[in-house]
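# An overview of the molecular structure
Okay, here's what each chain looks like letter by letter:
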Amino acid sequence: MIASNRPGPRLTRVQLLREIGLSPHWQLRESATAVGAKPVVTARPEVALSHSGGVEEVAPAHTPALADGREEEIAGMGWEQLRESVATCRACALCQGRRQAVLGVGDVTADWLFIGEGPGAEEDARGEPFVGPAGKLLDAMLAAIDLQRGKDVYIANAVKCRPPGNRTPEPTEITSCAPYLKRQIALIQPRLIVLLGRAAAHALLGDVGSLASLRGQSFAYPAPAGSAYGIPVVVTYHPAYLLRTLPDKAKAWEDLCRARTLMRAAKTAAAESASQPATSPT
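Quick look at the structure, then. (Residues numbered from 1 in each chain as written. Predicted model: local features only at pLDDT ≥ 70, side-chain atom pairs only at ≥ 80, totals over all residues. Heavy atoms only, no water.)

## Some words on unusual backbone geometry
Note the following rule: Numbering of helices and strands runs from the N terminus, with a helix taken as a DSSP run of H or I at least four residues long and a strand as a DSSP run of E at least two residues long. Three labels apply to residues, based on accessible area from a 1.4 Å probe with only protein chains included: buried if under 20% of the type maximum, exposed if over 50%, partly exposed otherwise in between.
Positive phi outside glycine occurs at Asp 146, with the angle close to 65 degrees. Among the structural elements, Asp 146 can be located in the loop between α5 (133-144) and β5 (153-157). We classify Asp 146 as partly exposed; its relative accessible area is 46%. Look at Asn 166: it is not a glycine, yet its phi comes out positive at around 60 degrees. Tracing the backbone shows Asn 166 in the loop between β5 and α6 (171-188). In this structure Asn 166 comes out as partly exposed when scored by relative accessible area, which is 44%.

## Overview of the nonpolar core
Nonpolar side chains in soluble globular proteins tend to end up buried together. Quick reminder of the rule: Among the buried residues, those of types Ala, Val, Leu, Ile, Met, Phe, Trp, Tyr and Cys that are joined through side-chain atoms within 4.5 Å form a nonpolar core. Two residues qualify as a contact provided that any one of their heavy atoms is within 4.5 Å of a heavy atom in the partner residue.
Counting 66 residues, the largest nonpolar core has Trp 112, Phe 114, Ile 115, Ile 185, Ile 193, Leu 195 and Leu 204 as its most contacted members. Non-local contacts of Trp 112, meaning those with residues more than four positions away in its chain, are made with Ile 145, Leu 147, Asp 152, Val 153, Tyr 154, Leu 192, Val 194, Ala 259, Arg 260 and Met 263.

## Notes on the packing of helix α3 (residues 79-88) against α6
Basically, it comes down to this: Only the contacting stretch of a helix is used when fitting its axis, a line to C-alpha atoms as for every element, and angles between N-to-C directions run 0 to 180 degrees. Here roughly perpendicular refers to angles of 65 to 115 degrees, roughly parallel to angles under 35, roughly antiparallel to angles over 145, and oblique to all remaining angles. In this scheme, a crossing is called left-handed if the near helix is turned counterclockwise away from the far one by less than a right angle; it is called right-handed if the turn is clockwise.
Between α3 and α6, the least distance of the axes is 11 Å, while the angle of their chain directions is 160 degrees. In terms of orientation, α3 and α6 fall into the roughly antiparallel class. Crossing hand, α3 versus α6: left-handed. In contact with Trp 79, Leu 82, Ser 85 and Val 86 of α3, α6 contributes Tyr 180, Arg 183, Gln 184, Leu 187 and Ile 188.

## Re the sheet that holds strand β6 (residues 192-196)
Note the following rule: When DSSP finds two or more bridges between a pair of strands, those strands are recorded as paired.
Strand order in the open sheet made by the 6 strands is β3-β5-β4-β6-β8-β7, with mixed pairing throughout. Each end of this open sheet is capped by a strand with a single partner; those strands are β3 (104-106) and β7 (219-221). Neighbour-to-neighbour, the strand axes of this sheet turn through a mean angle of 25 degrees, independent of strand direction. Two elements, β6 and strand β8 (residues 231-236), share 4 bridges in a ladder whose sense is parallel. Bridge pairing in β8 places Ile 193 opposite Val 233. Against the sheet, helix α7 (residues 198-205) makes contact with β4 (112-116), β6, β7 and β8, and its axis sits at roughly 135 degrees relative to β6, the strand it touches most.

## Some remarks on the packing of α6 against α7
Axis separation between α6 and α7 bottoms out at 9 Å; the angle between their running directions is 70 degrees. Judged by the inter-axis angle, α6 sits roughly perpendicular to α7. When the axes of α6 and α7 are compared, the crossing they make is right-handed. Of the residues in α7, those in contact with Pro 171, Ile 174, Leu 181 and Ile 185 of α6 are Ala 199, His 202, Ala 203 and Leu 204.

## Some points on the packing of aromatic side chains
The following threshold applies: Pairing of aromatic side chains requires ring centres within 6.5 Å, counting the rings of Phe and Tyr and the six-membered ring of Trp. Pairs whose planes differ by under 30 degrees are stacked, by over 60 edge-to-face, and all others tilted.
Evaluated as defined, the whole model comprises 3 aromatic pairs. Where Trp 112 meets Phe 114, the ring centres are 6.0 Å apart and the plane angle is 15 degrees; that geometry is what we call stacked. The buried category is assigned to Trp 112, whose relative accessible area is 4%. The exposure class of Phe 114 is buried, given its relative accessible area of 0%. Seen in terms of ring centroids, Tyr 237 and Tyr 241 are 4.9 Å apart; in terms of plane orientation they differ by 20 degrees. Their pairing is stacked. Tyr 237 sits in the buried class, given a relative accessible area of 8%.

## Quick look at the state of the cysteines
What counts is decided by this rule: For the purposes of this analysis, a disulfide is any pair of cysteine sulfur atoms at a distance within 2.5 Å.
For the structure shown, the criterion picks out 0 disulfides. For the unlinked cysteine Cys 95, the closest cysteine sulfur is that of Cys 92, found at 6.3 Å. The class of Cys 95 is buried, set by a relative accessible area of 9%. Among the cysteines around Cys 161, which has no disulfide bond, Cys 177 carries the closest sulfur, lying 6.2 Å off. In this structure Cys 161 comes out as buried when scored by relative accessible area, which is 7%.

Right under this line is the structure:
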């Protein structure tokens, strides 16, 4: 039998919530932050801070200087060069067991950037992040907040090669891949970043505590060139963890609701900034 490529019927919100393991009474609601207000960005005391445009921002996790200038070289790459560099990278031992490196997938001008931990067995085989059961759950989570893989969404990982046995990436491996992730963020310039899991949080925020302690905190990645505001960062659970720990799906849903509120606020702030008349120098 030949499988049809036609998409199936669109699921209702109740069906989507059931798909990600939540009962129908969990409905999207606004947080205490009014839509249209500029997001208030704070940070844990342990995290190094910089100050730009009146918004406190989390400094990216420290990456030791590389003697061969690798980080500077990656910082100047476009997408095609980045793909080639990741495909041939041998900066850490993870390259020895990979079938292929996994850079990421999605809209390279997306407002939403989701960052996971690293490729699993299926991702290593297909060259795309989140394609197994965890990927199916992530797709359902996206659909529950009216998003779709590939449309205004980019999905990446903290490391680009599969850790043996699908283990959590080690700090040295995250550090080796950090220039690639940093360059992806610079090229995409998303309006909001969602970190999925402890390793993703480590990659962007540094070793600043448990994932449970980071949930609900407000962080911001340094503002891209030409912007006065940092990029809001939301930390939540990895879909693979949620498949093993069903009660925490409700907490992840709360994080998604909060992320959507922050996105609306970021878009409103950008629109207001764009509508203000330019002032000429006196």
